[in-house]
Amino acid sequence: MSSFAARVNSITPSATMAVKRAAEELKRRGVDVIDLGPGEPDFSTPEHIKEAARQALAQNFTKYTADSGIIELRETIAYRYNQNYKTDYTAENILVTSGAKQALYHISEALFETGDEVLLPVPYWVSYPEQIKLMGATPVLIQTHAHEGFRLRAETVAAQITPRTKAIIVNSPNNPSGATIERSELKKIVELAVKHRLWLIYDECYEKFLYEGAHVSAAEFDTQHVITVSSVSKTYAMTGWRLGWAVAPKELIQAMAKLQSHSTSHPTSISQHAALAALTGDQSCVSAMLSEYRRRRGFLLGELAQIKGLKYSAPPGAFYLFPDVSRFFNREIHNSSELARYLLERAQVAVVPGTGFGVEECIRISYATSGEQLREGLKRLREGLQNLC
Ligand code: PMP
Ligand code: GLU
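Residues numbered from 1 in each chain as written. Chains lettered and ligands numbered in written order. Predicted model: local features only at pLDDT ≥ 70, side-chain atom pairs only at ≥ 80, totals over all residues. Heavy atoms only, no water.

J.: Report on the pattern of salt bridges, specifying residues and quantitative values.
T.: For the coordinates displayed, the defined rule picks out 21 salt bridges. For the salt bridge of Lys 166 with Asp 116, the shortest nitrogen-to-oxygen distance reads 3.7 Å. Of this pair, Lys 166 sits in strand S5 (residues 165-171) while Asp 116 sits in the loop between helix H5 (99-111) and strand S3 (117-122), and the two are 50 residues apart along the sequence. Classification of Lys 166 by relative accessible area gives partly exposed; the value is 24%. Residue class for Asp 116 comes out buried when judged on its relative accessible area of 11%. Note that Arg 380 and Glu 376 form a salt bridge whose closest N and O atoms lie 2.9 Å from each other. With a gap of 4 residues between them, Arg 380 and Glu 376 both fall in helix H13 (residues 371-386), about one helical turn apart. With relative accessibility at 27%, the residue Glu 376 sits in the partly exposed group. (Salt bridge = Lys/Arg side-chain N within 4 Å of Asp/Glu carboxyl O. Helix = DSSP H or I, 4+ residues; strand = E, 2+ residues; numbered from the N terminus. Buried < 20%, exposed > 50% of the residue type's maximum accessible area, 1.4 Å probe, protein only.)

Right under this line is the structure:
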């Protein structure tokens, strides 16, 4: 076989997607697996959003759209930020993409090159370091600590800034830890970005899933250095529709739009109409999902308390718990990947190893899964771990 480009050898496949694939493969072989792996709501997309998609089809919105996204959707997204955060964005500040993942990808493509350093707090969502490396840049890891609930501090960020620093990525609520950033710390990080002329990439995909405190968005403090990324994937249970966006200064949006125009062109026309209905329609579906997540979170925390040796905190956001399982490592199981493999093969429960998020001692448990699955999954997890003691 002929050779591949070096860039593809520098990255690993998505750890979250790999768990999903492994669990599905076992299910296909008839194994009864409980999947606490994916960060994917188990809810169906709300009916009024599906209806908007059916209408889009009926009205033949099945052709190419503007390559930055349909104007109504871009205006709606800008309006939403302006209402919530007193910004003055217009459609020119918005790029509609095929999920937040593609927005992040185009941001990396537009900004990073060889020699650049990108500050990346640990734990990080699996795709950030790989996207940075794909562009030839270097992720510079910033440690946060389990005993502080993985909260990010501005002073730790400041200590890592060098003349090569190009950007800082902040994800709040965080995947995988569920940690949120304090308003005062975020303000200080934005000030650092302004002072050192850096980009602050703020990923708020889980903005609606908060169990304590209020969401804070970096665009409240600055709109020249802040790039905000979000999507309908989690908020409206629309992961498969592939619809997200970036909000940024218009020159950066134009640069990203150029890249998008030569790759996917634009997200699916039908998904764009569905997203418009999601953002402009009744929001009670979001509060209903939040209440259910809150209930599951309470259940999960109660269950984990009964597993001796597990260390964890009660995170304020997202729909994950990220317990430290290092107490269960032994002569055969040396790290979270091996532990996750053991749990999948021996206890038939899928979790994501912390390795992919930069924390070797932890596993990620998603509670974006039905109550029944969660109950059975936790039983298997407890038995699986206890068998290691
Ligand atoms: N950012 C974070 C923190 C995520 O967890 C995910 C995965 N859902 C994404 C971005 C990508 O989301 P999307 O499905 O909108 O591409
Ligand atoms: N972001 C979700 C997760 O962390 C979905 C998978 C992915 O896009 O990586 O599980």
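J.: Could you give me a rundown of the sheet that holds S3, with the residues and numbers involved?
T.: Taken in spatial order, the 7 strands of this open sheet run S2-S8-S7-S6-S5-S3-S4, and their pairing is mixed. Each of the sheet's edge strands pairs with one partner strand only, and the pair in question is strand S2 (94-97) and strand S4 (138-143). For this sheet, the mean inter-axis angle between neighbouring strands, taken without regard to orientation, is 20 degrees. The strands that helix H8 (residues 183-196) touches are S5, strand S6 (199-203) and strand S7 (226-231); relative to S6, the one it contacts most, it runs at about 145 degrees. (Pairing = 2+ DSSP bridges. Axes fitted to C-alpha atoms, helices over the stretch in contact; angles between N-to-C directions. Contact = heavy atoms within 4.5 Å.)

J.: Outline the site of ligand 2, listing residues and values.
T.: If you check the shell around ligand 2, you find Ser 14, Thr 16, Met 17, Pro 38, Gly 39, Lys 101, Trp 125, Asn 175, Lys 234, Tyr 320 and Arg 364 and nothing else. For ligand 2, an oxygen atom lies 2.5 Å from a polar atom in the side chain of Thr 16. Between ligand 2 and Arg 364 there is a distance of 2.8 Å, counted from an oxygen atom to a side-chain nitrogen or oxygen. If ligand 2 stood free it would expose 280 Å²; the protein chains cover 88% of that surface. Residue composition of the shell around ligand 2, by class: 4 nonpolar, 4 polar and 3 charged. (Near = heavy atom within 4 Å. Polar contact = N/O pair within 3.5 Å; in protein donor to acceptor, adjacent residues only side chain to side chain. Areas by Shrake-Rupley, 256 points an atom, 1.4 Å probe, with all protein chains shown as cover. Nonpolar A, V, L, I, M, F, W, Y, C, P; charged D, E, K, R; others polar.)

J.: Quick rundown of helix H12 (residues 336-347)? Include the residues and the values.
T.: Residues of H12 that are buried include every one of Ser 336, Leu 339, Ala 340, Tyr 342, Leu 343, Leu 344 and Ala 347, and no others. Where H12 is buried, its residues touch helix H2 (15-28), strand S10 (349-350), strand S11 (352-353), strand S12 (363-366) and H13. Taking the backbone nitrogen of Ser 337 as reference, a side-chain oxygen 3.2 Å away marks Asn 335 as the first, capping residue of H12. Downstream of H12 by one or two residues, Gln 348 has phi in the positive range, about 55 degrees.

J.: Would you mind going over the environment of Met 135 in detail, with residue names and values included?
T.: Locating Met 135 in the fold gives a position in the loop between helix H6 (127-134) and S4. Look at Met 135 and you get buried, because its relative accessible area is 15%. For the pair formed by Met 135 and Ala 110, sequence separation is 25 residues and the distance between their alpha carbons is 9.3 Å. Met 135 has contacts with Tyr 105, Ser 108, Glu 109, Phe 112, Glu 113 and Thr 114, leaving out every residue within four places of it along the chain.

J.: So, empty space enclosed by the protein: which residues are in play, and what are the values?
T.: Any empty space left between the atoms is revealed when a probe the size of a water molecule rolls over them. Counted according to the given criterion, the structure contains 2 cavities of 30 Å³ or more. Volume-wise, the largest cavity comes out at about 160 Å³. The wall of the largest cavity is formed by 20 residues, among which Pro 121, Phe 150, Leu 152, Asn 171 and Asn 174 lie closest to the centre. Put simply, the parts of the chain that give the lining of the largest cavity at least two residues each are S3 and S5. (1 Å grid on protein atoms, 1.4 Å probe; cavity = no way out; pocket = protein on both sides within 12 Å on 5 of 7 lines; lining within 4 Å. Points joined across faces, edges and corners; volume = space filled by probe spheres on them.)

J.: How would you explain the pairing of S6 if you had to name every residue and give the values?
T.: Summarising burial for S6: 4 of the 5 residues are buried, a large majority. With 5 bridges joining them, S5 and S6 adopt parallel strand pairing. Looking at the pairing, Ile 169 lines up with Ile 201 of S6. As for the winding sense of the linkage, the β-α-β connection from S5 through H8 to S6 is right-handed. Inspection of the sheet shows S6 paired to S7 by 4 bridges, in the parallel sense. Across the sheet, residue Leu 200 finds its bridge partner in S7, namely Val 226. (Right-handed = clockwise from strand over helix to strand, strands pointing away.)

J.: Describe the sheet that holds S11, and please don't skip the residues or the numbers.
T.: Overall, antiparallel pairing links the 3 strands, which are arranged S9-S12-S11 in an open sheet. A strand with exactly one partner marks an edge of an open sheet, and here the two such strands are strand S9 (320-321) and S11.

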